[in-house]
Amino acid sequence: MTAPFDAALIVAFGGPQGMADVRPFLANVVRGRRVPPERLDEVAGHYVRFEGVSPLTAITMAQARGLEDRLNARGLRLPVFVGMRNWHPYLADTLAGMAARGIRRAIGFVMAPHRSFSSCTQYRQNVVDARCVLASRGLPDVQVTYVGDWHSHPKFIEANRDHLLAAVARLPERLRGRTRVVFTAHSLPASMPGADLYRAQVTESARHVAGAAGLSDWAVAFQSRSGRPEDPWLGPDVCDYLRATAGQVAAVALVPIGFVADHIEVLYDLDCEAAEVCHDAGLPMVRAQAVNDNPLFLDMAADLVAAVCRQYRSGRPLPIVR
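This is a predicted model, so every value here is computed, not measured.

**Re the side chain of histidine 163**
So, step 1. Here histidine 163 is to be found in helix 6 (residues 154–168).
So, step 2. On the accessibility criterion, histidine 163 (13% relative accessible area) is buried.
So, step 3. For histidine 163, the side chain forms a polar contact with the main-chain oxygen of glutamine 289, separated by 3.1 Å.
So, step 4. Not counting residues up to four positions away in its chain, the partners in contact with histidine 163 are Ala288, Gln289, Ala290, Val291 and Asn294.

**Points about the sheet that holds strand 1 (residues 7–12)**
So, step 1. Spatial strand order, 2-1-3-4: four strands in an open sheet with parallel pairing. Unpaired on one side and paired on the other, strand 2 (80–84) and strand 4 (143–146) mark the two borders of the sheet. On average, each strand axis in the sheet is tilted by 35 degrees relative to the strand beside it, whichever way the strands run.
So, step 2. The sheet contacts of helix 3 (residues 56–73) involve strand 1 and strand 2, and relative to strand 2 the element is tilted by about 155 degrees.

**Side note on helix 10 (residues 264–281)**
An α-helical turn contains 3.6 residues, so a residue and the one three or four places further along point in the same direction.
So, step 1. For helix 10, with 18 residues, the first-to-last C-alpha span of 24 Å sits near the 26 Å given by 1.5 Å per residue.
So, step 2. Of all the bends in helix 10, the largest measures some 30 degrees and sits at alanine 275.
So, step 3. Listing the buried residues of helix 10 in full gives Ile264, Val266, Leu267, Tyr268, Asp269, Leu270, Cys272, Ala274, Val277 and Cys278.
So, step 4. Of the surrounding elements, those touching the buried residues of helix 10 are helix 2 (37–49), strand 5 (179–186), strand 6 (218–223), helix 9 (238–245), strand 7 (251–255) and strand 8 (285–287).
So, step 5. Of the residues one or two after helix 10, glycine 282 is the one with positive phi, at around 65 degrees.

**Details of helix 4 (residues 91–100)**
So, step 1. When you tally the buried positions in helix 4, you get seven out of 10 residues, the bulk of the element.
So, step 2. If you follow the buried residues of helix 4, they end up packed against strand 1, strand 2, strand 3 (105–110) and helix 5 (117–136).
So, step 3. Taken from the residues just after helix 4, glycine 102 is the one with a positive phi, measuring 90 degrees.

**As for the environment of methionine 19**
So, step 1. Relative to the assigned elements, methionine 19 resides in the loop between strand 1 and helix 1 (22–30).
So, step 2. Separated by 202 residues in the primary sequence, methionine 19 and alanine 221 have C-alpha atoms spaced 31 Å apart.
So, step 3. Ignoring any residue separated from it by four or fewer positions in sequence, one finds methionine 19 in contact with Val48, Glu51 and Gly52.

**A closer look at the sheet that holds strand 7**
So, step 1. Taken in spatial order, the four strands of this open sheet run 6-5-7-8, and their pairing is parallel. Each having just a single partner strand, strand 6 and strand 8 make up the two edges of the open sheet. Between one strand axis and the next, the sheet turns through 25 degrees on average, direction left out of account.
So, step 2. Of the strand pairs in this sheet, strand 5 and strand 6 are connected by six bridges, and their pairing is parallel. Bridging across to strand 6, valine 182 finds its partner in alanine 219.
So, step 3. Along the sheet, helix 6 makes contact with strand 5, strand 7 and strand 8, crossing strand 7 at roughly 150 degrees.
So, step 4. Lying on the sheet, helix 8 (residues 195–213) is in contact with strand 5 and strand 6; it crosses strand 6 at an angle near 140 degrees.

**A look at the nonpolar core**
Proteins that are soluble and globular tend to have nonpolar side chains buried together.
So, step 1. Core analysis: the biggest nonpolar cluster contains 60 residues, and Phe109, Trp150, Phe183 and Phe297 have the highest contact counts within it.
So, step 2. At 10 residues, the largest contribution of residues to this core is made by helix 11 (residues 295–311).
So, step 3. In contact with phenylalanine 109, other than residues within four places in its own chain, are Leu9, Ile10, Val11, Val147, Trp150, Phe297, Met300, Ala301 and Leu304.
So, step 4. Counting 21 residues, the second-largest nonpolar core is a separate cluster that includes Ala7, Ala92, Leu95 and Ile103.

**Some remarks on the environment of alanine 213**
So, step 1. Mapped onto the fold, alanine 213 is located in helix 8.
So, step 2. Since its relative accessible area comes to 14%, alanine 213 is described here as buried.

**With respect to the pairing of strand 4**
So, step 1. Neither face of strand 4 is open: one carries Gln143 and Thr145, the other Val144 and Tyr146, and all of them are buried.
So, step 2. For strand 3 and strand 4, the ladder comprises four bridges, and the chain directions are parallel. Residue pairing across strands places glycine 108 opposite tyrosine 146, the latter belonging to strand 4.

**Description of the packing of helix 4 against helix 5**
So, step 1. Two elements in contact, helix 4 and helix 5, have axes separated by 9 Å at closest approach and are oriented at 55 degrees. Taken together, helix 4 and helix 5 sit at an angle that is classed as oblique. Our pair here, helix 4 against helix 5, has a crossing hand that is right-handed. In this structure, helix 4 uses Leu91, Ala92, Leu95, Ala96 and Ala99 to contact helix 5, whose residues at the interface are Asn126, Val127, Ala130, Arg131, Val133 and Leu134.

**Details of the environment of alanine 253**
So, step 1. Along the chain, alanine 253 turns up in strand 7.
So, step 2. Take alanine 253: its relative accessible area is 0%, and that puts it in the buried class.
So, step 3. Each C-alpha atom, one on alanine 253 and one on alanine 20, is 35 Å from the other, the two residues being 233 residues apart in sequence.

**Considering empty space enclosed by the protein**
So, step 1. Taken as a whole, this structure holds two cavities of 30 Å³ or more when the rule is applied.
So, step 2. Space inside the largest cavity adds up to approximately 110 Å³.
So, step 3. What lines the largest cavity is Phe109, Val110, Ala112, Pro113, Arg115, Cys120, Arg124, Tyr146, Val147, Gly148, Asp149 and Trp150.
So, step 4. For the lining of the largest cavity, the elements supplying multiple residues, two or more each, are strand 3 and helix 5.
So, step 5. Across the lining of the largest cavity, the residue classes break down as eight nonpolar, one polar and three charged.
So, step 6. The computed volume of the second largest cavity comes to approximately 40 Å³.
So, step 7. Lining the second largest cavity, in full, are Phe13, Gly14, Gly15, Phe25, Tyr47, Ser54, Leu56, His263 and Glu265.
So, step 8. The class makeup of the residues in the lining of the second largest cavity is four nonpolar, four polar and one charged.

Quick notes on the rules
Residues numbered from 1 in each chain as written. Predicted model: local features only at pLDDT ≥ 70, side-chain atom pairs only at ≥ 80, totals over all residues. Heavy atoms only, no water. Helix = DSSP H or I, 4+ residues; strand = E, 2+ residues; numbered from the N terminus. Buried < 20%, exposed > 50% of the residue type's maximum accessible area, 1.4 Å probe, protein only. Polar contact = N/O pair within 3.5 Å; in protein donor to acceptor, adjacent residues only side chain to side chain. Contact = heavy atoms within 4.5 Å. Pairing = 2+ DSSP bridges. Axes fitted to C-alpha atoms, helices over the stretch in contact; angles between N-to-C directions. Expected span 1.5 Å × (residues − 1). Bend = angle between axes of the 7 residues up to and from the residue. Core = buried A, V, L, I, M, F, W, Y, C linked by side-chain atoms within 4.5 Å. Parallel < 35°, antiparallel > 145°, perpendicular 65-115°, else oblique. Left-handed = near helix turned anticlockwise from the far one by under 90°. 1 Å grid on protein atoms, 1.4 Å probe; cavity = no way out; pocket = protein on both sides within 12 Å on 5 of 7 lines; lining within 4 Å. Points joined across faces, edges and corners; volume = space filled by probe spheres on them. Nonpolar A, V, L, I, M, F, W, Y, C, P; charged D, E, K, R; others polar.

Here is the structure:
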């Protein structure tokens, strides 16, 4: 059933693994973008607060192991590799290692639940660029066929629901029925191609999770904007939203629906910055975990990879000629 595929490839953002990595990592992140130097210094400070180590790499590796275990249990003997956009293991190095092992066709899983240029499109272009590096080194190509959209997949929704309910349960009982759920995702420039679709998919995910949790008071806000202040980005900003609504709600539960790992942007922007806003406003706050290596999320990933295997079991996917 695995034919015509040899492996699965998880594509993720990457993160520094020590203080010496922070500045080079951020240089990779902002390459080609108009990010003010003072904003770069500010973000570097976020990483310093966590000794320069992003949990993203360890979480992504755990996700890869969980996916491979589930594929093996289904009889799909597909090794799972991890390639990062901005830090080790870089995509080009991962694909080079795959090529050296004789892998020629892989199923790609991008660790971004909602479509936008900076997530799905750019990640796929990163893979194309990595394949060009293989060609420049005289190495065999590794073709990549991607799983479909999963922002509304029932198991993605269930995993987020479970984490949301666990967070709400940490509030005093008298507040639980009066808690507003605030779903967050990474902000994007409003002019970016696909920004409207991105917002729509984030909102769709939020609506499904809130419904599955039986919670009707919810909103969507955005976080982690990094562009020039004068450029319009998707909003409202989560901290601005919390300040504006602090006197209107009894408590809030933040859900990072746009992220699949508790990495620095979640840990700092929500657990530190947003939490400080809530503390100053006297607003009780809890934060749900991202899906991380929740078994439901990994089951979903295995479902999606298996679906691609079934789709192409009668023949190899044809490459797109541009």
